[in-house]
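# Understanding the architecture of this molecule
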Amino acid sequence: MSKTKISTSMHTLRFTPVKAVAVAHSATNQDCLEQESHTFIVAFGAILGGIIAAFVGYHLQAHFLNYALLCVIPILVAYSLRRVYIHTLTHAELD
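This is a predicted model, so every value here is computed, not measured.

### Some points on the overall build of the protein
- Along the backbone of the protein there are 5 helices and 0 strands.
- When the helices and strands of the protein are read in sequence order from the N terminus, they spell out α-α-α-α-α.
- Across the 95 residues in the protein, those meeting the buried criterion constitute 16%.
- Expressed as a percentage of contacts within the protein between residues at least 6 apart in sequence, the contacts between residues at least 24 apart total 77%.
- Put simply, the protein shows about 8100 Å² of open surface, and 69% of that area lies on carbon and sulfur atoms.

### A few points about the confidence of the model for the protein
- Confidence in the prediction for the protein averages 81 pLDDT; 69% of positions are at 70 or higher.
- Element-level pLDDT for the protein is lowest in helix α1 (residues 8-15), with a mean of 58, against a maximum mean of 95 in helix α3 (residues 39-58).

### A look at the packing of aromatic side chains
- Within the structure shown, the criterion is met by 1 aromatic pair.
- For the ring pair Phe 40 and Phe 44, a centre distance of 6.3 Å and an interplane angle of 15° mean the geometry is stacked. On the criterion of helical spacing, the pair formed by Phe 40 and Phe 44 is a turn pair, its members being 4 residues apart in helix α3.
- The class of Phe 40 is exposed, set by a relative accessible area of 65%.
- Relative accessible area serves as the criterion here: at 44%, Phe 44 is assigned to the partly exposed category.

### A word on the pattern of salt bridges
- Enumeration over the complete set of coordinates arrives at 2 salt bridges.
- Salt-bridge contacts for Arg 82 lead to Glu 34; the nearest nitrogen and oxygen are separated by 3.8 Å. Placement of Arg 82 in helix α5 (residues 72-91) and of Glu 34 in helix α2 (residues 18-35) is noted, with a sequence separation of 48 residues between them.
- When its relative accessible area of 12% is taken as the criterion, Arg 82 is described as buried.
- Note that Glu 34 and Arg 83 form a salt bridge whose closest N and O atoms lie 2.1 Å from each other. Here the residue Glu 34 occupies a position in helix α2, and Arg 83 occupies one in helix α5, the gap between them amounting to 49 residues.

Basis of the calculations
Residues numbered from 1 in each chain as written. Predicted model: local features only at pLDDT ≥ 70, side-chain atom pairs only at ≥ 80, totals over all residues. Heavy atoms only, no water. Helix = DSSP H or I, 4+ residues; strand = E, 2+ residues; numbered from the N terminus. Buried < 20%, exposed > 50% of the residue type's maximum accessible area, 1.4 Å probe, protein only. Contact = heavy atoms within 4.5 Å. Areas by Shrake-Rupley, 256 points an atom, 1.4 Å probe, with all protein chains shown as cover. pLDDT = per-residue confidence, 0-100. Phe/Tyr/Trp six-rings, centres within 6.5 Å; stacked < 30°, edge-to-face > 60°. Salt bridge = Lys/Arg side-chain N within 4 Å of Asp/Glu carboxyl O.

Below, the structure is given as structure tokens:
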């Protein structure tokens, strides 16, 4: 009777703890998600940040530095909303 040969990758996968496999899979998914643009999420964040910047700008004195800093708000909101979206997708557990 011949022995069944198991490849080294299957042997490694069989004796690797489940949590380590899940972490490796999560890291792979996160790298894949980082390469996508997520246009809707970024546009939504920019619009939301623009509304917040307009509200804050309405109550400030008219200085160049204030307006320059207000231009950063939509970019930061869009970036942070995208990071939250990617984090949610990679750490969501199905029941």
